[in-house]
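A closer look at the structure
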Amino acid sequence: QVQLVESGGGLVQAGGSLRLSCAASGSSFTYSTWGWYRQAPGKQRELVVLITSVGSTHYADSVKGRFTASRDNAKATLYLQMNSLKPEDTAVYYCYLKRFGVEVWGQGTQVTVSS
């Protein structure tokens, strides 16, 4: 059973940075599509970044140039480096993994950006 556990959320002032981590157990990243989504209060969950199994990367326009996704295969961990944070980045952030048609979500970590 694959499990994803996020960490690294918190409260930060506008212009600051945070790095989210997502530890994966029970799965390999090989042949996987993975990424990060977020959900702000009263809004639908939206894509932040998605990286396909062949390595193509898609960032939401709202985070391009500010957020960077990466992974460490040896540690089985996904990362989201978030710089120049804005109040509108406030949301619960979820990591996501899809492998052989099976989707897995983390439990989410809260990011709050104060103005």
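Preceding this paragraph is the structure being described.
Note on numbering: residues in each chain are counted from 1, in written sequence order. This being a predicted model, a pLDDT of at least 70 is required before a residue's local features are given, and a value of 80 or more before pairs of side-chain atoms are given or counted; all residues contribute to the totals for chains, interfaces and linings. To obtain the side-chain values, all non-hydrogen atoms of the structure were included, while hydrogens and water were left out.

**Structural notes on the state of the cysteines**
Condition: Counting rule for disulfides: a pair of cysteine sulfur atoms within 2.5 Å. Strands here mean DSSP runs of E at least two residues long; helices mean DSSP runs of H or I at least four residues long; both are numbered from the N terminus.
This model, assessed by the stated rule, comprises 1 disulfide. Sulfur-sulfur distance for the disulfide between Cys22 and Cys95 comes to 2.0 Å. Looking along the S-S bond of the Cys22-Cys95 disulfide, the torsion reads about 55°, which is the right-handed sense. Placement of Cys22 in strand β3 (residues 18-25) and of Cys95 in strand β9 (residues 91-99) is noted, with a sequence separation of 73 residues between them.

**Concerning the sheet that holds strand β8 (residues 77-82)**
Note the threshold: Two strands pair if DSSP finds at least two bridges between them. Angles run from 0 to 180 degrees between N-to-C directions of axes, and those axes are lines fitted to C-alpha atoms, restricted for helices to the stretch in contact.
In spatial order, the strands read β1-β3-β8-β7; together these 4 strands make up an open sheet with antiparallel pairing. In this open sheet, the two edge strands, each paired with only one partner strand, are β1 (3-7) and β7 (67-72). Across the sheet, the axes of successive neighbouring strands diverge by a mean angle of 15°, strand direction being ignored. Looking at chain direction, β1 and β3 are connected through 5 bridges and run antiparallel. Across the sheet, residue Gln3 finds its bridge partner in β3, namely Ser25.

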